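Each chain, letter by letter, is given below.
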Amino acid sequence: MDTLSSAPRTVRRDARVALTLASVIALAVFLIDALTPLDIAIAVLYVVVVLLVASTGNRPSTVATAWGCVALTLAGFVLSHDVNYSNAAVARCVVSLLAIATTSVLTLRNLTATTTLHEQLELLDLAHDAIVAYDMNERVTFWNRGAEALYGWSAQEAMGQPIHRLTQTAFPVPFAQIRQELLRSGRWDGELERVRHDGSAVVISSRLALWRDEKGTPRAVLATSNDITARKRMEAELQRQREELRNTIDAIPGMVWSSSSDGRLTFINRRWNDMGVTLGEGNTDVWPTIVHPSDLTKMQQDWRTAIDTGASFENVSRIRGSDGVYRWMHIGAEPLRDSTGAICRWYGVNTDIEERKQAEQALERSEAFLLDAQRLSRTGSIAMRLPDGDMWWSDEAYRIFDYARDVVPSMELILARTHPDDLAIVQGAYRQSIGGAMHVDVEHRLAMPDGSVKYVHYVAHLAVPAAEGIEYVGALMDVTETKRAQEALARSTAELAHVTRITMLGELAASIAHEVTQPIAAIVTCGDAALRWLNRPSPELAEAQQSIAQMIRDAKRASDVIRRIRAMAKKHDSLPATLDLDEIVGESVELVRRELERHRVEVQVDLATPTPVVCCDRVQLQQVLINLLMNGAQAMSEVNGPRRLSIATRRFDARHAQVIVQDSGMGIREDNASRLFDAFFTTKAEGMGMGLSICRSIVEAHGGRIWAESPEEGGARLQFVLPVGETCDEQ
Ligand code: ADP
């Protein structure tokens, strides 16, 4: 502002100086003219006064000054001469008046022209654009207010300066090219970068026009410029935002697109290009080239419907990638409407759902597998949420309980199907669940409406300890058939055990006969002896009594043997009892002693003290022991050296007692070792191969384990362990 307002002040000061000077000159001229006898046309110098006043540009003052000078000239003439005017004096006065008049007229005319010019310049100053004129040496000759505002230099500062150096102009093309164009066509326009007075950069849009004089010589350049820095910045920002948007759209993990209101693709993002698809002139329908032929018709139908109705577009199709492999994609698009509601374009995105689709298919498959597996294995699933007891049953669970698929599963329904004798088991399991047990494992029966009984095995575990409660997920297995098979198997095993016992007794017939006949023979002998003692003249009663006591012992022995054999031969159900293990071992050895002697086997018995007590069926345990002893004896039948058979009992660990039967026979071949306990495995010509198999069933049914070893010294070592227990309840 200072720069702009200082110009009029300077002008006013100059005007004052000029007026003062003019007044002094006018006074001096008048005094010389009026008071001195100089015969010269001094009044001509009034011209200077007129010129000085005219230089202030003030027209009325100039006119007044001109008339004033005329008056002063005439006054000076009158005062310096008496009534005798010489011709020369009059001529000098006229010359002076003519000079003043001519100068005044010319000056006034010039003043008028100058005023017009000033007014025009004022108008140029009013322009918002920066208007600068410079000569062919780039020196500034005109600098309007717009230029002052734009560049920061005042007109005074800028005048005469080389414009391009002053403003450090940066040209978009070489300067010589601009100059050439200007000289050729008289015009140039373009964008220039300049530096303002305050050092800030400015971008301007500049229009140059060349002015030539009447001879056609280039004289000056008129430059009209305006500041486009803000516009440029906005354009750059717009461009940046556009690029950012583009990058964002390209980064979206989907195929983004837009289309015209009639469905022609107008834009696709980089994902499409990555898939080998590009949009070109006349290439706006790329769908047929990328959508799987089997999905194309439906996709196009859906698209057409969306365009016609303006509804959102949704479709799932396979789309081919650049590798030629089709992937499942969800294609979706939404319309963009104008203020009247008419659709102006569509925006869409194709999202890769291949993995989700595969997961869905895998889920469907595994659901189908699960259903099949549940049906085939007769296993249902039950999930139960506590404490409210909400339940979910699988189809197979409904089938097992025999309820219609539409009933709401509940604990009441399960209890309604539970066998009356097993209600306590089921209720106990439910209480366990409510108590938060990690695992629930129960077996119970169901009483079905048709009167049949089903056996089920329910196993569940705590799955989700969620905030709102706990959830059990479990499997309900229909084990009726397994149960029946087990029962049948147990029955046949018992039958088989009986048969093998009978067979075994058959094998033992000779020795049994001996066992029985031997005490009977002894009874006969003792009877004879007793008779003899009694028939004496003086009967020897004491001796007879002794013989009779011996007879009773022998008879008992015989009846014991017969009792044992009868027990072995009898068919009976398993009757577990608390037994003294050593006693059973002793009895069994007694039963086969004759047979062992027949095979010339040396028996060694080594019993544990204190004797272990086991809970067993006596006959079955004897069967196992006799089997092992007989097998040992048979294994040594080919042996020429000493045939040693040892039987020992001992404590195996805190909870088990062990029985070891070891022989010095031919031993077990390595390749037979794994099959020894299989049913029907035998290496004997007359063998059945059931002995050891039945031994294993018996031992395992009693909670024990049986196995064979090959000791280093040769022969075989068969051994088994049984749980110890003072009472059978402990098992
Ligand atoms: P079987 O006596 O009818 O063959 P087992 O089941 O009692 O049936 O025995 C199966 C097989 O095990 C025998 O044929 C025999 O090969 C082998 N075996 C059993 N005990 C012994 C043993 N103490 N020493 C060697 N082999 C044995």
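Model, not experiment: these values are computed from the prediction.

Visitor: I'd love a proper account of the site of the ligand, names of residues and values included.
Guide: Taken together, 19 residues form the shell around the ligand, and within it Asp663, Thr682, Thr683, Lys684 and Leu692 come nearest. A distance of 2.9 Å separates an oxygen atom of the ligand from a polar side-chain atom of Asn631. At a separation of 2.6 Å, an oxygen atom of the ligand approaches a polar side-chain atom of Lys684. For the ligand, the protein covers 93% of the area, taking 530 Å² as the surface of the free molecule. Where the shell around the ligand is concerned, the elements lending two or more residues are helix 21 (618–635) and helix 23 (691–701). Grouping the amino acids of the shell around the ligand by side-chain chemistry returns eight nonpolar, nine polar and two charged.

Visitor: A description of the nonpolar core should follow, citing residues and the corresponding values.
Guide: Soluble, globular proteins show a tendency: their nonpolar side chains are buried together. If you look at the biggest cluster of nonpolar residues, it comprises 51 residues, and the most contacted ones within it are Leu621, Leu625, Ile626, Leu628, Ile647 and Phe720. Among the elements that make up this core, the one with the highest residue count is helix 21 (nine residues). Once residues within four sequence positions are removed from consideration, Ile647 is found in contact with Val585, Val589, Gln604, Val605, Asp606, Leu625, Leu629, Val659, Ile660 and Val661.

Visitor: Hey, could you go over the pattern of salt bridges for me, with residue numbers and the actual values?
Guide: Under the criterion given, the structure shown has 34 salt bridges. Among the salt bridges present, the one from Arg240 reaches Glu244, with a minimum N-O distance of 2.8 Å. With Arg240 and Glu244 both in helix 9 (residues 229–251) and four residues apart, this pair spans about one turn of that helix. Using a relative accessible area of 39% as the deciding quantity, one classes Arg240 as partly exposed. Put simply, Asp671 and Arg669 hold a salt bridge, and the shortest N to O gap is 2.9 Å.

Visitor: Help me get a handle on helix 3 (residues 59–80), residues and values and all.
Guide: Since the α-helix packs 3.6 residues into each turn, any two residues three or four apart lie on the same face. Between the first and last C-alpha of helix 3 there are 31 Å, a value that for 22 residues agrees with the 32 Å anticipated at 1.5 Å per step. Regarding helix 3, the residues found buried are Thr62, Thr65, Ala66, Cys69, Val70, Thr73, Gly76 and Phe77. The buried residues of helix 3 occupy an angular sector of 140° when the element is viewed end-on, so they sit on one face. Across helix 3 from its buried face, at more than 90 degrees, point the exposed residues Pro60, Trp67 and Leu79.

Visitor: So what's going on with the packing of helix 2 (residues 46–54) against helix 3? Residues and values would help.
Guide: Two numbers describe a pair of packed helices, the interaxial angle and the distance between the axes. In contact at an axis separation of 9 Å, helix 2 and helix 3 are set at 165° when each is read in the N-to-C sense. Between helix 2 and helix 3, the angle is such that the two are roughly antiparallel. For the pair helix 2 and helix 3, the sense of crossing is right-handed. Along the contact surface, helix 2 presents Tyr46, Val49, Val50, Val53 and Ala54, while helix 3 presents Ser61, Thr62, Thr65, Ala66, Cys69, Leu72 and Thr73. Among the residues forming the contact of helix 2 with helix 3, the class breakdown is eight nonpolar, four polar and no charged.

Visitor: So what about the sheet that holds strand 22 (residues 717–723)? Which residues, and what values?
Guide: As a general point, the strands of a sheet are linked pairwise by backbone hydrogen bonds and lie either parallel or antiparallel. An order of 17-19-20-22-21 is seen for the five strands of this open sheet, with the pairing classed as mixed. The sheet terminates laterally at strand 17 (602–606) and strand 21 (705–709), the two strands that pair on one side only. Each strand of the sheet is rotated relative to its neighbour by a mean of 15°, with strand direction disregarded. Taken together, the seven bridges between strand 20 (residues 656–663) and strand 22 define a ladder with antiparallel strand orientation. Bridging from a neighbouring strand, Gln662 pairs with Arg717 of strand 22. Contacts from helix 21 reach strand 19 (644–653), strand 20, strand 21 and strand 22 within the one sheet, and its direction differs from that of strand 22 by about 170°.

Visitor: Residue-level account of the UniProt feature "domain: PAC" (unreviewed entry) in the chain, with values.
Guide: The feature "domain: PAC" (unreviewed entry), as annotated in UniProt, sits at residues 188–240, 313–365 and 440–491 in this numbering. The distance separating the terminal C-alpha atoms of residues 188–240 is 30 Å; by composition the span is 23% helix and 57% strand. Secondary structure across residues 313–365 divides into 23% helix and 57% strand, with the first and last C-alpha atoms of the span separated by 30 Å.

Visitor: For the packing of aromatic side chains, give the residues involved together with the corresponding values.
Guide: Scanning the entire structure with this criterion turns up 12 aromatic pairs. Between Trp257 and Trp303, the ring centres sit 5.4 Å apart and the planes meet at 85°, which makes this aromatic pair edge-to-face. Placement of the pair is Trp257 in strand 6 (residues 255–260) and Trp303 in helix 12 (residues 293–309), with a sequence separation of 46 residues. Neither Trp257 nor Trp303 differs from the other in exposure class; each is buried. Residues Trp303 and Phe313 carry aromatic rings whose centres are separated by 4.9 Å and whose planes lie at 40° to one another, so their mutual orientation is tilted. Of the two residues, Trp303 is situated in helix 12 and Phe313 in strand 8 (residues 313–320); the sequence distance between them amounts to 10 residues. According to the relative accessible area criterion, Trp303 is buried, its value standing at 6%. Looking at Phe313, the relative accessible area reads 2%, which means it is buried. Through a chain of ring-to-ring contacts, the aromatic side chains of Trp257, Trp272, Trp287, Trp303, Phe313 and Trp346 assemble into a single cluster. If you follow Lys357 out to its NZ or CZ, it ends over the ring of Trp328, 4.6 Å from the centre.

Rules used in this analysis
- Residues numbered from 1 in each chain as written.
- Predicted model: local features only at pLDDT ≥ 70, side-chain atom pairs only at ≥ 80, totals over all residues.
- Heavy atoms only, no water.
- Near = heavy atom within 4 Å.
- Polar contact = N/O pair within 3.5 Å; in protein donor to acceptor, adjacent residues only side chain to side chain.
- Areas by Shrake-Rupley, 256 points an atom, 1.4 Å probe, with all protein chains shown as cover.
- Helix = DSSP H or I, 4+ residues; strand = E, 2+ residues; numbered from the N terminus.
- Nonpolar A, V, L, I, M, F, W, Y, C, P; charged D, E, K, R; others polar.
- Core = buried A, V, L, I, M, F, W, Y, C linked by side-chain atoms within 4.5 Å.
- Buried < 20%, exposed > 50% of the residue type's maximum accessible area, 1.4 Å probe, protein only.
- Contact = heavy atoms within 4.5 Å.
- Salt bridge = Lys/Arg side-chain N within 4 Å of Asp/Glu carboxyl O.
- Expected span 1.5 Å × (residues − 1).
- Arc of directions from axis to C-beta.
- Axes fitted to C-alpha atoms, helices over the stretch in contact; angles between N-to-C directions.
- Parallel < 35°, antiparallel > 145°, perpendicular 65-115°, else oblique.
- Left-handed = near helix turned anticlockwise from the far one by under 90°.
- Pairing = 2+ DSSP bridges.
- UniProt positions renumbered as here; feature names shortened; annotations may be inferred.
- Phe/Tyr/Trp six-rings, centres within 6.5 Å; stacked < 30°, edge-to-face > 60°.
- Lys NZ or Arg CZ within 6 Å of the ring centre and 35° of its normal.

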